[in-house]
Amino acid sequence: MSEKSFKVVIVGGSIAGLSLALMLERNGIDFVVLEAYGSIAPQVGASFGVLPQGFRILDQLGCYEEVLNKAEYPVDTLQFRDSQGNPFWTFDNMNETTIKSHGYPIVFLDRRMLIEVLYEKIQDKSKVITSQRVESIENGTSSTTVTTTSGQTYTGNIVVGADGIHSKVRQEMWKAAEKIDPTWIDPTEESAPPATYACIFGISKGVKGIEKGMLNSVYNEHYSYLIPSGPGDLTYWFLVRNMGKTYYGADIPRFTKEEEEALAAEHFDDQITPTLKFSALYKSKISSAYTSLPEYVYKRWHFQRILTIGDASHKFEPLTGQGGNNAMETAASLTNHLVAALKTSQSGTLSSAEISKIFENVQQQREKRAWDLVKASHARQRLECLETPFLKFFAKYVVPHFSKSVVMNRWIDSYGSGVSLDMLPLPHRPREIPYFDERFRAPSPRGVVSILLYAMYFFLAWLGYRQLGTALRANGTMGFIRQAIKSQSVLLPGGVEAPLRQVYTGIGPVDLILKVIATIFLPAITNFSTPEQPLQVLYFLASMLPIIAIWTVEGFRPRNKWTLLAAPSIWAVMYQLRGIGLIAPLYFVSSTFISSRVQYFSANTRALPESTARAILPALILGFVVPTVMLFFPLADALNTRQIFIALWQPTPIYVVILTQIFSRVIKSIGSSAPAKTDNAAAENKSNRDIPHLQTLYAVAGFVSACFHLALLLSWAALGTNFIIKVFIPADAFAQVATLADGVFVFFQNDFLLVAAATLLWCLASVWDLYRIGVSNVSWQMALAGLVLGSLAIGPGATTAAVWYWREEVMSRTTFLRHGPDSSPTKSN
């Protein structure tokens, strides 16, 4: 494609315009930039915060090192401060965290510094023309012409307005639409943009009291401060105030220098920190400006051959720093669609219809994200201005208890779905969380599948209540249990009357529960006259091993902290008392709700502390496997001692959690006394050190469960299908049972089938979740086939362990689909 065959006229020589110009130049597309100011990069008192998704684009354009060097001090500490300047929440080591998570830091520098970097990277600077303010734009059938106030004309195939919130290009676009298609532009759009807040922003020099690399947010009622440090001895600041009402369109006020000085004087005594007042910032300023803060995403960004980008199409509050970064994203989106269309063009140019389609695609790709971020910025500004009693309460009592993961999850929303340039390589910057366009596919919400999952889990829970609770009373099993408790003995198969142990703990209510449990379990594990019952119980308990292991792991995951999944002991108490076939679906409902958002699957909240990961397997063996073996161990005083073992066995899942905590502390203590390793590779993979231990856990639990499944298959081969049917297929749960052993057998059969069905559904949903968020290529159809085959070949317990073994590795991946030439990505499933 010839550079001269297609030309873009860019109006506006700031971040959006120059970044677009550089993108076009890198792709051999002709352009001209028309800047109204007499120079590129004038000092207008503005700073610029480069966020990771913006840095990623700048890195593709070869600007990363220059920007980083100019900024000097990446943000390393974020502090929220109260009206007295006292910090009430702090995020330390932020630079390391952002780079580790997203590959790039957050930096602040003068806006003009970034513009200078972009301008210097443009090879043909003759295409960037200053002192060219747009007068009018005329659309033709195959081109469009821009006339400036100096009488110059510039013709191109398209015009891109990167000329800010008061865009002349947007005004000309609306004029053209009104003549040709009056329905194209909503007549209320001109007065639609709202502005609730106004801001004095500035740059100060030589201020003492703001540490380098620190970003301060100062909360106050109806006003707030954002104070980032800058390069050298510069400090940037924003004083944002609520104007008392929301203004719209032409009614949005503009302010004079006198009004700025008057407002600043009103706030001179405001504390930024306990030792720094706003007056020190304002009096040492080298530049400042006072402006209203419209915040809006326009409904139409384009008409015919005209498109607006940056503030001309989406305007943000400055608090979250998304304005300029999203301007670069929209420029990248336009470049991606334009380059793709020109590659398929035989003539090297595009028709009006093709251009309209490109513009539609750009707006479709960017509009929702822009709106979401505009709303998020507004919500954040309201919080920092303590606009309501609820927000005051939230800021005072909730925000101070935020964990880092709360902020990091917000980063995934803000940074993860950013647009990059499709045709330029992504330099290799190691990071834990892939951007959405680096995945197999862009993440998508569960949608109606969530409703289906909830419905199926609740149906299984209801079925569990019916088959395990209601049926137990209806078929006479509860009657046998009450009779046994009353007579203080239980009738075992073969007519043996076994006296029930009356005292276990000396606590009446606890002993009663344990007597009931012993009454239920004793026939089940001693019924050797009907071998299918002990085999069913053994198989059930072996299948429970991976579930207990997984629930324990999930209980210790950082991302499950403060959720229902963080209490595996409570779940254990419930399922030991009511049946896991009833409780497991409710656990999976909680899991489904908690894991609905994309952030849940971020690698930085997946990993367990290595000491905890190492502790779970020995805890599982000592806390669950050993007590389970003792249930069936040959004993001299069999009936009395076995009841003790039944009572001791009941809290086994709780033992596992307690022992995990104990072993973890011991392992951590031993590890801390050992000399630190200096292996660089080990340091780089520190966040994944838990994986070998977790995969060993799943392998061992799965192997034990698979061995029992193999025994079942051998029993099938030796004793026939009828035996297997007797083991697993329950009779009518509501039909009267002849003995307590028969009722318990039916109970355990239903309990196993229900938990197996619910767990396999959970596995299916878990595999599909990784597919829908774009980090795996295993579809739900493949997963379903694998689960069915696995359940038949190695059993549902081992299959569940295998899914978690695979899932752990997938969630931990730090290799991506798109890389620079110095990386070697692995596209595995």
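Analysis parameters
- Residues numbered from 1 in each chain as written.
- Predicted model: local features only at pLDDT ≥ 70, side-chain atom pairs only at ≥ 80, totals over all residues.
- Heavy atoms only, no water.
- Helix = DSSP H or I, 4+ residues; strand = E, 2+ residues; numbered from the N terminus.
- Buried < 20%, exposed > 50% of the residue type's maximum accessible area, 1.4 Å probe, protein only.
- Contact = heavy atoms within 4.5 Å.
- Areas by Shrake-Rupley, 256 points an atom, 1.4 Å probe, with all protein chains shown as cover.
- Pairing = 2+ DSSP bridges.
- Axes fitted to C-alpha atoms, helices over the stretch in contact; angles between N-to-C directions.
- Phe/Tyr/Trp six-rings, centres within 6.5 Å; stacked < 30°, edge-to-face > 60°.
- Lys NZ or Arg CZ within 6 Å of the ring centre and 35° of its normal.
- 1 Å grid on protein atoms, 1.4 Å probe; cavity = no way out; pocket = protein on both sides within 12 Å on 5 of 7 lines; lining within 4 Å.
- Points joined across faces, edges and corners; volume = space filled by probe spheres on them.
- Nonpolar A, V, L, I, M, F, W, Y, C, P; charged D, E, K, R; others polar.
- Core = buried A, V, L, I, M, F, W, Y, C linked by side-chain atoms within 4.5 Å.
- Parallel < 35°, antiparallel > 145°, perpendicular 65-115°, else oblique.
- Left-handed = near helix turned anticlockwise from the far one by under 90°.
- Lys, Arg positive; Asp, Glu negative; His and termini not counted.
- Salt bridge = Lys/Arg side-chain N within 4 Å of Asp/Glu carboxyl O.
- Disulfide = S-S within 2.5 Å.

Undergrad: How should I be thinking about the overall build of the protein in this particular structure?
TA: Across its full length, the protein carries 27 helices and 24 strands. Dimensions of the protein along its principal axes, counting C-alpha atoms only, are 110 × 65 × 55 Å. In the protein, which comprises 829 residues, the proportion classed as buried is 55%. Considering only contacts within the protein whose residues lie at least 6 apart along the sequence, 76% involve residues at least 24 apart. Looking at the protein as shown, the accessible area adds up to about 34,400 Å², and 60% of this sits on carbon and sulfur atoms.

Undergrad: Can you help me understand the sheet that holds strand β10 (residues 153-156) in this one?
TA: Paired through their backbone hydrogen bonds, the strands of a sheet run either parallel or antiparallel. Strands sit in the order β8-β9-β10 across an open sheet of 3 strands; the sheet is antiparallel. At either end of the open sheet lies a strand with only one pairing partner, and these are β8 (134-139) and β10. This sheet shows a mean twist of 20° between the axes of neighbouring strands, independent of strand direction. Alignment of strand β9 (residues 144-148) against β10, held across 4 bridges, turns out to be antiparallel. Bridging from a neighbouring strand, threonine 145 pairs with threonine 155 of β10.

Undergrad: Got a minute to help me understand the environment of serine 812 in this structure?
TA: Secondary-structure assignment places serine 812 in the segment after α27 (796-811). Given the relative accessible area of 6%, serine 812 is considered buried. Contacts of serine 812, omitting those with residues within four sequence positions, involve Arg606, Asn688 and Ile691.

Undergrad: What is the right way to read the packing of aromatic side chains from this model?
TA: Two numbers describe a pair of aromatic rings. These are the distance of the centres and the angle of the planes. Inspection of every chain in the model, using the stated rule, returns 46 aromatic pairs. Taken together, a centroid distance of 6.1 Å and an interplanar angle of 65° make the contact between tryptophan 174 and tyrosine 298 edge-to-face. Residue tryptophan 174 is located in helix α6 (residues 168-180), and its partner tyrosine 298 is located in the loop between β19 (296-297) and β20 (302-303); the two are separated by 124 residues in the primary sequence. For the pair tryptophan 174 and tyrosine 298, a shared accessibility class is recorded, and that class is buried. Plain terms: the ring middles of phenylalanine 747 and phenylalanine 748 are 5.7 Å apart, the flat faces sit at 75° to each other, and that makes the pair edge-to-face. Through successive ring pairs, a cluster of aromatic residues spans Phe521, Tyr539, Phe540, Phe624, Trp649, Phe728, Phe747, Phe748 and Phe752. Taking NZ or CZ as reference, arginine 170 lies 5.6 Å from the ring centre of tryptophan 174, over its face. Sitting over the face of the ring of tryptophan 371, lysine 375 holds its NZ or CZ atom 5.5 Å from the ring centroid.

Undergrad: Would you mind showing me how to read empty space enclosed by the protein here?
TA: One water molecule sets the probe size; rolling that probe over the atoms shows where empty space is left. If you walk through the whole model with that rule in mind, you get 6 cavities of 30 Å³ or more. Approximately 110 Å³ is the volume found for the second largest cavity. Ser591, Ser595, Trp762, Ser766 and Arg807 are, among the 15 residues lining the second largest cavity, the residues nearest its centre. Contributions of two or more residues to the lining of the second largest cavity are made by α18 (580-594), α25 (740-772) and α27. Its residues assigned to classes, the lining of the second largest cavity comprises 7 nonpolar, 4 polar and 4 charged.

Undergrad: Would you take a moment to explain the environment of alanine 455 for this structure?
TA: Its location among the elements puts alanine 455 in helix α13 (residues 448-474). In this structure alanine 455 comes out as partly exposed when scored by relative accessible area, which is 45%. Each C-alpha atom of the pair alanine 455 and threonine 144 lies 56 Å from the other, and the pair is 311 residues apart in sequence.

Undergrad: For this particular structure, what's the right way to read the sheet that holds strand β21 (residues 306-308)?
TA: Taken together, the 6 strands give an open sheet; going across it, the order is β7-β2-β1-β11-β21-β20, and neighbouring strands pair in mixed fashion. Unpaired on one side and paired on the other, β7 (128-129) and β20 mark the two borders of the sheet. In terms of strand pairing, β20 meets β21 through 2 bridges, oriented antiparallel. Each bridged residue has a counterpart across the sheet, and for phenylalanine 303 the counterpart in β21 is isoleucine 306.

Undergrad: How do you make sense of the nonpolar core when you look at a structure like this?
TA: Counting residues in each nonpolar core, the largest one holds 120 residues, and the members touching the most others are Phe6, Val8, Leu58, Val67, Leu109 and Leu338. Among the elements that line this core, the one with the most residues is helix α9 (residues 322-343), at 9 residues. Those residues in contact with leucine 338 that lie beyond four places of it in its chain are Phe6, Val8, Leu24, Ile29, Ile158, Leu350 and Ile358. Residues Val490, Leu545, Trp649 and Ala758 belong to the second largest nonpolar core, which totals 101 residues.

Undergrad: Help me understand the packing of helix α16 (residues 532-556) against helix α19 (residues 610-631), please; the structure alone is not making it clear to me.
TA: Axis angle and axis distance: for two packed helices, these are the angle between their axes and the distance between the axes, and together they describe the pair. Two numbers describe how α16 lies on α19: the axes approach to 10 Å, and their chain directions differ by 150°. With respect to α19, the element α16 is oriented roughly antiparallel. Where α16 crosses over α19, the two elements pack in a sense that is right-handed. Note on element contacts: α19 touches α16 through Thr612, Ile616, Leu620, Phe624, Val625, Thr628 and Leu631, opposite Leu541, Met544, Leu545, Ile548, Ala549, Thr552, Val553 and Phe556. Here the contact of α16 with α19 is built from residues that sort into 12 nonpolar, 3 polar and no charged.

Undergrad: Even after reading the chapter, I still don't get the side chain of aspartate 751, so can you show me in this structure?
TA: Here aspartate 751 shows up in helix α25. Buried charge without a salt bridge: aspartate 751, with arginine 578 as the nearest opposite-charge side chain at an N-O distance of 10 Å.

Undergrad: Please clarify how the state of the cysteines should be interpreted in this entry.
TA: Note: disulfide means a covalent bond formed between the sulfur atoms of two cysteine side chains. The final tally for this structure, using the stated rule, is 0 disulfides. No disulfide involves cysteine 707; its sulfur sits 19 Å from the nearest other cysteine sulfur, which is in cysteine 763.

Undergrad: Help me out: how do you make sense of the pairing of strand β4 (residues 77-81) in this one?
TA: The two faces of the sheet receive side chains in turn, since in a regular strand these alternate between them. Counted residue by residue, β4 has 5 buried out of 5 residues, so it is predominantly covered. Every second residue of β4 is oriented toward a common face, with Thr77, Gln79 and Arg81 on one face and Leu78 and Phe80 on the other, all of them buried. Strand direction decides the pairing type here: β4 and strand β13 (residues 214-220), joined by 5 bridges, are parallel. Residue pairing across strands places leucine 78 opposite leucine 215, the latter belonging to β13. Sheet topology note: the β4/strand β5 (residues 87-91) ladder contains 4 bridges and is antiparallel. The residue of β5 that forms the bridge with arginine 81 is proline 87. Connecting β4 to the next strand, β5, in antiparallel fashion are 5 residues, including glycine 85 with a positive phi near 85°.

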